[in-house]
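# A closer look at the structure
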Protein chains: 2
Amino acid sequence: MSNPVVDFWFDFASTYSYPACMRIEALATDAGIAIRYHAFMLGPIFKAQGWNTSPFNIYEAKGRHMWRDLERLCAELGIPFQQPDPFPQNSLLPARCAIAGSAEVWQPEFCRGVFRAQFGEGRRIDDPQVIAEVLERAGAPAQTVLEQAATDQIKLKLRTVTEEAGGLGIFGAPSFFTEDGELFWGNDRLEAALAWAKRAQ
Amino acid sequence: MSNPVVDFWFDFASTYSYPACMRIEALATDAGIAIRYHAFMLGPIFKAQGWNTSPFNIYEAKGRHMWRDLERLCAELGIPFQQPDPFPQNSLLPARCAIAGSAEVWQPEFCRGVFRAQFGEGRRIDDPQVIAEVLERAGAPAQTVLEQAATDQIKLKLRTVTEEAGGLGIFGAPSFFTEDGELFWGNDRLEAALAWAKRAQ
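Residues numbered from 1 in each chain as written. Chains lettered and ligands numbered in written order. Predicted model: local features only at pLDDT ≥ 70, side-chain atom pairs only at ≥ 80, totals over all residues.

### Topic: the confidence of the model for chain A
- Averaged over all residues, the pLDDT of chain A equals 96, while 100% of them reach at least 70.
- At the level of chain-chain contacts, confidence expressed as ipTM amounts to 0.93, with global pTM at 0.95. (pLDDT = per-residue confidence, 0-100.)

Given below as structure tokens:
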């Protein structure tokens, strides 16, 4: 019997994807579940909902609560927190790098590194030097990955993955899909998604 | 030393307010926390955000996830679930009754009864007969309360409470406020709000 798989969909600019990405690997390992990482772009999905920026910017009171909530959450998890400026960041470059690393062992650590740089250290994830550094720390061949990320093949792949997300009914991030097609939305639902995957096995 | 107080803000038509209301009293009692119930109307607050109905109706994929998520959640909590039709229901009458019962011992059980009737039994909460029945079951003098609910005084009070909610930065329901002014939004944050209230004591 092979391990159940949970698909983890996220945008590197998504606030609650930060705690989800920092937590998922340890929780999944404990539960005997394999995680597939899908970096995608929330922008086109938000656009289809009529939003030209993050809903946390559009709806001010909601945004205010989210930043405070994320701060409380990170304190409780013992992970660093800094509000990124600007928000949202342009997540195109790290998303392409994550796609380029889909079959690589460094991919999960790279994803955590991007989130940590942005939400933990206040660094800009659209800066190739920041991303190169994160790649190196994750044990990836930084220059090779950055070159791959700039190819039409990877650019097209990210567009396809993003369209796939929309087609699956994903409307926000993080989102989790179990193999029997259950969608769980939000960092709050990570445990529920893993428990479902385990039961459905 | 008096018990800490948590203010519980909800709209009877709000989906995630259902599990929150069914859970809050037992959790608060265990934690030695007193709950103040504030029924308010989400409608004017949604309107200020540009929405003329529930965002779960406006954003279809989000709505689809919410219904499934609520169904899973209720199953896990062991509480009944039926999707109300229409949605959202008009929650004006039960909100006015809850306000009329602010100082009464039957208020919490009345609130649970309204949510149960709507989301557990698929009944209409804008039906005075349904509300009368829920009042009676909660040990309230149904006719007296319904008469009070129809007075200008109670109507005005509900409008004032709703304006207060907006002024406090409440943008959705359920919402929880601790005495030191921390806002927690969502059924998912109930435990965090109670824990915060306990620590802040």
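There's more to say after this.
### A closer look at the pairing of strand S2 (residues 34–39) of chain A
Residues and elements named next belong to chain A.
- Two elements, strand S1 (residues 5–10) and S2, share six bridges in a ladder whose sense is parallel. Bridging from a neighbouring strand, Val5 pairs with Ala34 of S2.
- Since S1 and S2 lie parallel, the crossover through helix H1 (residues 17–31) that links them has a hand, and here it is right-handed. (Pairing = 2+ DSSP bridges. Helix = DSSP H or I, 4+ residues; strand = E, 2+ residues; numbered from the N terminus. Right-handed = clockwise from strand over helix to strand, strands pointing away.)

### A few points about the packing of helix H5 (residues 92–100) of chain A against helix H6 (residues 107–120) of chain A
All names here are of chain A.
- At a minimum axis distance of 9 Å, the contact between H5 and H6 shows a crossing angle of 170 degrees. Considering the angle they form, H5 stands roughly antiparallel to H6. Two secondary-structure elements touch here, H5 through Pro94, Cys97 and Ala98 and H6 through Gln107, Phe110, Cys111 and Val114.
- Across the contact of H5 with H6, the residue classes break down as six nonpolar, one polar and no charged. (Axes fitted to C-alpha atoms, helices over the stretch in contact; angles between N-to-C directions. Parallel < 35°, antiparallel > 145°, perpendicular 65-115°, else oblique. Contact = placed C-beta atoms within 7 Å. Nonpolar A, V, L, I, M, F, W, Y, C, P; charged D, E, K, R; others polar.)

### What about the environment of Val134(B)?
All names here are of chain B.
- Turning to its location among the elements, Val134 is positioned in helix H7 (residues 128–137).
- Spatially, the C-alpha atom of Val134 lies 5.7 Å from that of Gly113, the residues being 21 residues apart in sequence.
- Not counting the four nearest positions on each side in its chain, Val134 is found in contact with Phe110, Gly113, Val114 and Ala117.

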